[in-house]
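Coordinate inspection notes
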Amino acid sequence: LIRAIALLHQYQRPLRSIAHRGQRLDYIEVTKGDIALANRIAHDVLGRTLDELPPQTRRLLRLMVDMVRGLAERQGITPREVRFTRRDVREATHWSDNQLKVHCARLSEMEYLLIHGGSRGHHLQYELLYDGAESGSHLAGLIDPAELDTELNNGERKLEGEACKWVPSLGQVAPKLASSWEAEMQERQGSSADLTESVKKTRLRRNGPAVSLAAAVV
């Protein structure tokens, strides 16, 4: 949908190009306005209303929204970054575990919750996709244009931090890699020499009985 909206404005925007695998590719850039318009259309066409939920499930969803907002504020992160377990919900709402199993499964099926983990011994965690908007139909999980700049800045800081971690460690990692490669080459050479010596001994064993048999015949 975002691509279609950007394509409608192709003659009003500058044409840019980039080299990819030896070929020149022309493109136009998507704007925040394109994303905002696509969100409005998606909400109207694909969105759902809370009226589709049973009353108890709707109540639990609202309690989850308040819980996640509180966790996000205490942890200094956005609500979309919060991960929580059914135990966290049980402690916050004082609902029974059987109730939470039923309603969490329903919210997951209707894409209000996203499940993380839960296999091979990992704890089952949830991510709240619903942002608390209750006016009209709503589609959860869409990109918020207002948060794009913040996410880009955070991504750049993360990359810079990882680069700073790598540079000081290169002096320590490189000698270890070199020594491991050298040891591996020596081991391979030793194995090759052992194999050559083994082949020689095998040939001598095979030739030995043949010579003695010829001497006996003579």
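Refer to the preceding data block for the structure.
Okay, so let's go over this structure.

Basis of the calculations
Residues numbered from 1 in each chain as written. Predicted model: local features only at pLDDT ≥ 70, side-chain atom pairs only at ≥ 80, totals over all residues. Heavy atoms only, no water. Helix = DSSP H or I, 4+ residues; strand = E, 2+ residues; numbered from the N terminus. Buried < 20%, exposed > 50% of the residue type's maximum accessible area, 1.4 Å probe, protein only. Contact = heavy atoms within 4.5 Å. Salt bridge = Lys/Arg side-chain N within 4 Å of Asp/Glu carboxyl O. Patch = residues over 30% accessible without salt bridge, like charges linked within 9 Å, V, L, I, M, F, W, Y side chains within 5 Å. Areas by Shrake-Rupley, 256 points an atom, 1.4 Å probe, with all protein chains shown as cover. Core = buried A, V, L, I, M, F, W, Y, C linked by side-chain atoms within 4.5 Å. Polar contact = N/O pair within 3.5 Å; in protein donor to acceptor, adjacent residues only side chain to side chain. Expected span 1.5 Å × (residues − 1). Lys, Arg positive; Asp, Glu negative; His and termini not counted. Charge placed at Lys NZ, Arg CZ, Asp CG, Glu CD. Axes fitted to C-alpha atoms, helices over the stretch in contact; angles between N-to-C directions. Parallel < 35°, antiparallel > 145°, perpendicular 65-115°, else oblique. Nonpolar A, V, L, I, M, F, W, Y, C, P; charged D, E, K, R; others polar.

Below, the discussion takes up the overall build of the protein. Across its full length, the protein holds six helices and four strands. In sequence order, the protein lays out its α and β elements as α-β-β-α-α-α-α-β-β-α. When the 218 residues of the protein are sorted by exposure, 18% land in the buried category. The long-range fraction of contacts in the protein, counting pairs at least 24 apart against all pairs at least 6 apart in sequence, stands at 56%.

Between side chains of opposite charge, pairing is possible as soon as their charged atoms come close. Under the counting rule described, the total for this entry stands at nine salt bridges. Between Glu127 and Arg83 there is a salt bridge whose closest N-O contact spans 3.5 Å. Of the two residues, Glu127 is situated in strand 4 (residues 124–128) and Arg83 in the loop between helix 3 (55–75) and helix 4 (86–93); the sequence distance between them amounts to 44 residues. With relative accessibility at 34%, the residue Arg83 sits in the partly exposed group. Arg86 serves as the salt-bridge partner of Asp97, at 3.3 Å between the closest nitrogen and oxygen. Taken as a pair, Asp97 in helix 5 (residues 97–109) and Arg86 in helix 4 lie far apart in primary sequence, 11 residues in all. Through salt bridges with shared partners, a single network forms among Arg86, Arg90, Asp97 and Lys101.

All right, on to a nonpolar patch on the surface then. Where nonpolar side chains cluster on the molecular surface, the patch consists of Leu1, Leu37, Ile41 and Val45 and spans about 340 Å² of accessible area. Topologically, Val45 is positioned in helix 2 (residues 32–46).

What follows covers the environment of Leu124. Examined against the element boundaries, Leu124 turns out to sit in strand 4. Residue Leu124 is classed as partly exposed on the basis of its relative accessible area of 31%.

Attention now moves to the nonpolar core. Ranked by size, the top nonpolar core spans 23 residues in total, and within it Leu61, Met64, Phe84, Leu107, Tyr112, Leu113 and Leu128 carry the most contacts. Of all the elements in the fold, those that place two or more residues in this core are helix 3, helix 5 and strand 4. Of all the elements, helix 3 adds the most residues to this core, at eight residues. If sequence neighbours within four positions are ignored, Leu128 has contacts with Leu61, Met64, Val65, Val68, Arg80, Phe84, Tyr112 and Leu113.

This part takes up the side chain of Asp34. If you trace the backbone, Asp34 turns up in helix 2. Owing to a relative accessible area of 2%, Asp34 belongs among the buried residues under this scheme. A distance of 2.6 Å separates polar atoms of two side chains, one belonging to Asp34 and the other to Arg13.

The end-to-end C-alpha distance of helix 3, which contains 21 residues, comes to 30 Å, matching closely the 30 Å that a straight helix rising 1.5 Å per residue would cover. Contact partners of the buried residues in helix 3: helix 4, helix 5, strand 3 (113–117) and strand 4. Following helix 3 by one or two positions, Gly76 adopts a phi angle in the positive range, close to 70 degrees.

Position of Asn39 among the secondary structure elements: in helix 2. With residues near it in sequence (within four places) discarded, Asn39 still touches Leu142, Ile143 and Pro145.

Before going further, it helps to spend a moment on a negative patch on the surface. A contiguous patch of negative charge on the surface is contributed by Glu81, Asp131, Asp144 and Glu147. Asp131 gets classed as partly exposed once you look at its relative accessible area, which sits at 45%.

Glancing now at the packing of helix 3 against helix 4. Where helix 3 contacts helix 4, the two axes come as close as 10 Å, and the packing angle between them is 100 degrees. By the angle between their axes, helix 3 is roughly perpendicular relative to helix 4. Here Leu60, Leu63, Met64 and Met67 of helix 3 come into contact with helix 4, specifically with Asp88, Val89, Ala92 and Thr93. Across the contact of helix 3 with helix 4, the residue classes tally to six nonpolar, one polar and one charged.

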